[in-house]
Amino acid sequence: LNELNGYSKNSKVIDNGILTRNNADISLVLEVLKKKDFTTLRNFVVENFDDYVDVYDQLYNGLYTKVKTDSIPDLVLIIGKYQYQAAFVASQEINLVACLVELMTIDYK
């Protein structure tokens, strides 16, 4: 049901397009984070993330090898904090944007 809700939010009609949806490409997330451009970041979240359930695992797994070794603890703490908060927030989109804004502050390779 969550998948259908998220899909219908962006595409007024539920069709077979739901079967071909992909998660956001981590290389695109990395580009947005490195630019540190909030407007691009916010638009990117709206356009690329429909499923907020697995997004934090995707970020952790995808960015873990892209950050400098000294930044790994920060990456883990930031993602862990926002993943926990996701169970309590009114807006998953705002929570994810806040997470990504914090992830802008760490050092990437």
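Enquirer: Give a description of the environment of V101 that names residues and reports values.
Expert: Relative to the helices and strands, V101 is located in helix α6 (residues 92-103). Given the relative accessible area of 32%, V101 is considered partly exposed. Between the C-alpha atoms of V101 and D37, which are 64 residues apart in sequence, the distance is 9.2 Å. Here V101 is in contact with F38 and L41, once residues within four sequence places are set aside.

Enquirer: An account of the environment of I79 is requested, with residue identities and associated values reported.
Expert: Here I79 lies in helix α5 (residues 72-85). Note on I79: relative accessible area 4%, which makes it buried. Between the C-alpha atom of I79 and that of C99, which follows or precedes it by 20 residues, the distance is 6.8 Å. Those residues in contact with I79 that lie beyond four places of it in its chain are Y56, L59, Y60, C99 and L103.

Enquirer: Any chance you could break down α6 for me, citing the residues and the numbers?
Expert: The end-to-end C-alpha separation of α6 is 16 Å, in line with the 16 Å expected for twelve residues at 1.5 Å each. The elements touched by buried residues of α6 are α2 (26-35), α3 (38-48), α4 (55-63) and α5.

Enquirer: So what's going on with the packing of α3 against α6? Residues and values would help.
Expert: Remark: α3 packs on α6, axes separated minimally by 10 Å, with the N-to-C direction vectors making an angle of 135 degrees. On the basis of their axis angle, the class for α3 and α6 is oblique. Note on packing geometry: the crossing formed by α3 with α6 is right-handed. For the pair α3 and α6, contact is made by F38, L41, R42, V45 and V46 and by E93, L96, V97, L100 and V101, respectively.

Analysis parameters
In this numbering scheme, every chain counts its residues from 1 along its sequence in written order. Per-residue local features of the predicted model are confined to residues with pLDDT of at least 70, and side-chain atom pairs are confined, for both listing and counting, to 80 or more; whole-chain, interface and lining totals are unaffected and use all residues. Working from all heavy atoms in the structure, the side-chain values ignore hydrogens and water. Helix and strand assignments come from DSSP, with helices taken as H or I runs of at least 4 residues and strands as E runs of at least 2, each series counted from the N terminus. Each residue is assigned to one of three classes by its accessible area relative to the maximum for its type, calculated with a 1.4 Å probe on protein chains only: buried under 20%, partly exposed between the two thresholds, exposed over 50%. Contacts are assigned to residue pairs that have any heavy atoms within 4.5 Å of one another. By definition here, a helix of n residues has an expected span of 1.5 Å times n minus one. Geometry is summarised by axes, namely lines fitted to C-alpha atoms with helices restricted to the contacting stretch, and by angles between N-to-C directions that run from 0 to 180 degrees. Any angle between 65 and 115 degrees counts as roughly perpendicular, while under 35 counts as roughly parallel, over 145 as roughly antiparallel, and the rest as oblique. Crossings are assigned a handedness: left-handed for a near helix turned anticlockwise from the far helix by less than a right angle, right-handed for a clockwise turn.

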